Amino acid sequence: MKDLINAILRLLVKVSLHGYFNKIIVEGKENLPKNRPVILVANHQNALIDPLLLATHTRLNPWFLTRAAVFTNPIVSKLLHFIRMLPVYRVRDGFSTIQHNHQTFDQTFEVLRKNGTVVVFAEGSHSLVRNLRPLSKGFTRMAFGLKEKYPELEPVILPVGLQFSAHMRSGSTVRITFGKTIPVDMPSSHSGKLTKSVENALKSLIVDIPDENYAHTLQRLIENEVDLTSKVEVHTFLETGKVLNPIPTVGSLNNKLMKIFNLPLFWLWLWKRKSVEDEVFSATWKFLIGFVLAIPYYFFLLWLAMDTILGTWALTFLIMAWITLWRNQNPQE
């Protein structure tokens, strides 16, 4: 029953993500391993949106490691575990809590022992900046710890790049790129070599704009209509100045119409935005508002259309809400 509910929930989230984004591009599906313990290592640019994309656009049904602070409420803790999330304790959570990570690692070992998948955002935190930050050692400890406990297993690291045309906007484009697997076939004393291999693999998958003159470089890319989700397109422009496949400039009309015909949801976001301290969570809150309330809102319009004197107007409003959501687009930023 638990697996069935998870499958239904993933389907609903996947459909909602395709409503939130204008386009979701998935590359490298042929690299998804079968019947192997998989430690999926991804970059982290968009808070909860990142794990939702990985949970719904692979057949791996992964478990996720997330910061322990969100597990403090017992009810929330059980809910998060139900949707395949496990807590990771950091020094900032209190030095005495670090020992609890042993239990988390034991749980991940059991997932991997059954040829399951565990997702690690190895940068350790999220950021809107389009480059790769230093990787933590957690995924190598997990890989070598698994090999030590179950020597017969053959785990692999699966690098994944997540790229967004506009992190905080709906109607944008996201690109998910699965790289080639990296076998864990070296002694634990070579953990640094494994970390470097994964780092190089991720850099080959994601847009990596140098920190020096970052804002100026990003503005040049946008002005020249370079696809910000494409490693090849960005690299080619920065090296040669050529734009391979220009991204046409998008007007604001479709987005404004979408906000008008989905006005209650947009108003709720405007109210919530005041309390969102970390802008990286903007897309997360927008998506969650739509995921939870869009269907009730559409059923309310349907009821108005069928059982009230506002029938024709309500039906028109409902149809336009769907059409404008489907056609919603936002420019790169």
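These figures come from a predicted structure and were not determined experimentally.

S.K.: Help me out: how do you make sense of the environment of N255 in this one?
M.R.: For N255, the position within the fold is in helix α9 (residues 253-261). In sequence terms N255 and G171 are 84 residues apart; their C-alpha atoms lie 7.7 Å from each other. For N255, the contacting residues outside a window of four places in its chain are S170, N328, Q329 and N330. Within the structure, N255 has its side chain in polar contact with the side chain of N328 (distance 2.9 Å).

S.K.: How should the layout of surface pockets be read in this particular structure?
M.R.: The gaps left among the atoms become clear once a water-sized probe is rolled over them. Within this model, the second largest pocket holds a volume of roughly 910 Å³. Every residue lining the second largest pocket is counted, 33 residues in all, and those nearest its centre are Y20, S170, K286, G290 and L325. Sorting the residues of the lining of the second largest pocket by element identifies α1 (2-20), α9, α10 (263-273), α11 (282-307) and α12 (311-327) as the ones contributing at least two each. Considering each element in turn, the lining of the second largest pocket owes the most residues, eleven residues, to α11. Considering only residue class, the lining of the second largest pocket consists of 19 nonpolar, nine polar and five charged.

S.K.: Is there a simple way to think about the packing of aromatic side chains in this case?
M.R.: The relation between two aromatic rings is expressed through the spacing of the ring centres and the mutual angle of the planes. What the rule picks out here adds up to nine aromatic pairs. Chaining the aromatic ring pairs together yields one cluster made of Y20, F21, F164, F287 and F291. Sitting over the face of the ring of W285, K272 holds its NZ or CZ atom 4.1 Å from the ring centroid.

Scoring rules and cut-offs
- Residues numbered from 1 in each chain as written.
- Predicted model: local features only at pLDDT ≥ 70, side-chain atom pairs only at ≥ 80, totals over all residues.
- Heavy atoms only, no water.
- Helix = DSSP H or I, 4+ residues; strand = E, 2+ residues; numbered from the N terminus.
- Contact = heavy atoms within 4.5 Å.
- Polar contact = N/O pair within 3.5 Å; in protein donor to acceptor, adjacent residues only side chain to side chain.
- 1 Å grid on protein atoms, 1.4 Å probe; cavity = no way out; pocket = protein on both sides within 12 Å on 5 of 7 lines; lining within 4 Å.
- Points joined across faces, edges and corners; volume = space filled by probe spheres on them.
- Nonpolar A, V, L, I, M, F, W, Y, C, P; charged D, E, K, R; others polar.
- Phe/Tyr/Trp six-rings, centres within 6.5 Å; stacked < 30°, edge-to-face > 60°.
- Lys NZ or Arg CZ within 6 Å of the ring centre and 35° of its normal.

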